[in-house]
Amino acid sequence: KIYIITKLVINMITKETLREIIIVQRAALTILGQGTPREKEKEIKIEDSFALVITGIRRCGKSTFLNQLLVKQKKGYYLNLEDPRLDNFDLSDFNKVEIIMKELYGERGIYFFDEIQNINKWEKFIRYLIDKKEKIVITGSNASLLSKELGTKLTGRHLQIEMFPFSFNEFLNIKKKSPSIKSFEEYLFKGGFPEFIKKENPSILHELLLDVVMKDIAVRFGIKNTVILNRISIFLISNVGKEFSYNSIKKAFNVKSVQSVIDYVSYLENAYLIFTIPRFSYSYKQQQVNPKKVYSIDNGFSYNNSASFSKDKGKMLENIVFLDLRRKFKDILYFQEKNECDFIIKEKETITRAIQVCFDFNEETQNREIDGIFAALKKFSLKEGLILTYNQEDEVFIEGKRIIVMPVWKWLIR
């Protein structure tokens, strides 16, 4: 008994320590600066009695975005729960944090909690604040861990938005460049991770891959064979726009069971490292059985962590298009029957758009690309489709269907 009490005393975070951490973190946030304004700010509306949940991959700018919101609101409380000094933080420590914050910064303010998924049962404290009609903004870098808690204690009491690395417009803003094919080519290879764009040090993106694979997945889910997990991660981010099946990955990497592969891919997707999209089918069961296509969180991330990614500029272009679509739509599929269309968008159970991506729209490729998008337009009774290219423009009319051919860089700044 004496041993247990001693352990509890040693592990407990004192109020004085918490106070110091809160003050230091707030000062560090101020030094971090305002950074580049984010397009997501237009979607932000902080309401009392609700938690605003911001999710996204590590280092995509969530902390800077919180600082922008904090400065704009003028009064608020901030705590980054990934701070190593908070390793022993538990649910009961939130009560101390609340008292300290009010002592330091006054009675009424917006609560900002960064990387909250690190704390077990965090949702209980957030629900307590919601019931007090407080305003709360929280961030997290693991979609599944957050959604599990949001779906229990916070059902109907949260609003959620996703953050990504910089869009092309945001990239132009931070680089102080005008939209052009030249600035787009730079974005095509460098991607949008804020810190990498500023410093252009590949080690930043190497460490990011390691952090996601090790901290967000291997440690959290007790995966011992981290070598295989890392190899599968690199394989997937290197093969954007290509079909894969769980069974093919199982065989390629000698994984013991298909379920393990399903789990690995799910973990990578929930950590926002990759995205998968299904082949369209009216049967949900068939969608699950069919091969999926994979896309990467960022071109610069894949380029700097894979030797093969840059060999196919067409797939790099396709990944850029996917990411812009994913910022706006959740339900994205690919269409494949006799012909193939890269992306179809589903909104409220209806297919509303069809988009094809083609690096060079020339005599060799145009028939294939037109046939693919026309098949999708016909299948879903759509009047208009879009073929996105590297730098070509045109317009095609077939059987009353209009197909617009447009450079990706112009489409991105629309």
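Parameters and conventions
- Residues numbered from 1 in each chain as written.
- Predicted model: local features only at pLDDT ≥ 70, side-chain atom pairs only at ≥ 80, totals over all residues.
- Heavy atoms only, no water.
- Helix = DSSP H or I, 4+ residues; strand = E, 2+ residues; numbered from the N terminus.
- Buried < 20%, exposed > 50% of the residue type's maximum accessible area, 1.4 Å probe, protein only.
- Pairing = 2+ DSSP bridges.
- Contact = heavy atoms within 4.5 Å.
- Axes fitted to C-alpha atoms, helices over the stretch in contact; angles between N-to-C directions.
- Salt bridge = Lys/Arg side-chain N within 4 Å of Asp/Glu carboxyl O.
- Arc of directions from axis to C-beta.
- Phe/Tyr/Trp six-rings, centres within 6.5 Å; stacked < 30°, edge-to-face > 60°.
- Lys NZ or Arg CZ within 6 Å of the ring centre and 35° of its normal.

A. Looking closely at unusual backbone geometry. At Lys133, a position not held by glycine, the phi torsion is positive, near 60 degrees. With respect to the secondary-structure elements, Lys133 resides in the loop between helix H5 (122–131) and strand S4 (136–140). Under the relative-accessibility criterion, Lys133 is labelled exposed at 52%. In the Ramachandran plot, Ser381 falls in the positive-phi region, its phi being about 55 degrees despite a non-glycine side chain. Among the structural elements, Ser381 can be located in the loop between helix H17 (366–379) and strand S12 (384–389). Its relative accessible area of 61% is what places Ser381 among the exposed residues.

B. Region of the structure containing the sheet that holds strand S6 (residues 243–244). Pairing is antiparallel across the open sheet formed by three strands, whose spatial order is S6-S8-S7. Two strands bound the open sheet, and with one partner strand each, they are S6 and strand S7 (274–278). As paired strands, S6 and strand S8 (residues 292–296) are joined by two bridges and run antiparallel to one another. In the sheet register, Phe244 faces S8, and the bridge partner there is Lys292. Across the sheet, helix H16 (residues 313–328) is in contact with S7 and S8; its angle to S8 comes to roughly 90 degrees.

C. Quick look at the pattern of salt bridges. Under the defined criterion, the tally for this structure stands at 37 salt bridges. Where Glu41 meets Lys72, a salt bridge forms, and the shortest distance between an N and an O atom there is 3.0 Å. In this pair, Glu41 sits in the loop between helix H2 (15–32) and strand S1 (51–55) while Lys72 sits in helix H3 (residues 62–73), placing the two residues 31 residues apart along the sequence. Lys62 is paired through a salt bridge with Glu115; the nearest N and O atoms lie 3.4 Å apart. Placement of Lys62 in helix H3 and of Glu115 in the loop between strand S3 (110–114) and H5 is noted, with a sequence separation of 53 residues between them. Each member of the pair Lys62 and Glu115 is classed as buried. Put simply, Lys175, Lys177, Glu186, Lys190 and Glu200 are held in one network by salt bridges that share partners.

D. Representation of H5. Where H5 is concerned, the buried positions are Trp122, Glu123, Phe125, Ile126, Leu129 and Ile130. All buried residues of H5 project into a common sector of 160 degrees when viewed along the axis, lining one side. Note on H5: the residue one or two positions beyond its end, Lys133, has a positive phi of about 60 degrees.

E. Examining the packing of aromatic side chains more closely. Counted according to the given criterion, the structure contains 25 aromatic pairs. Ring centres of Phe193 and Phe301 lie 6.2 Å apart, and the angle between their planes is 50 degrees; on these two criteria the pair is classed as tilted. Taken together, the residues span a long stretch of sequence, with Phe193 in the loop between helix H8 (181–190) and helix H9 (194–199) and Phe301 in helix H15 (residues 299–305) at a distance of 108 residues. Ring plane angle 80 degrees and centroid distance 5.9 Å describe the contact between Phe244 and Tyr246, whose orientation is recorded as edge-to-face. The buried category is assigned to Phe244, whose relative accessible area is 6%. When its relative accessible area of 21% is taken as the criterion, Tyr246 is described as partly exposed. Lying over the aromatic face of Phe50, Arg157 brings its terminal NZ or CZ to 5.8 Å of the ring centre. Directly above the aromatic system of Trp411 lies the positively charged group of Arg414, at a separation of 4.1 Å from the ring centroid.

These figures capture arrangement, not role.
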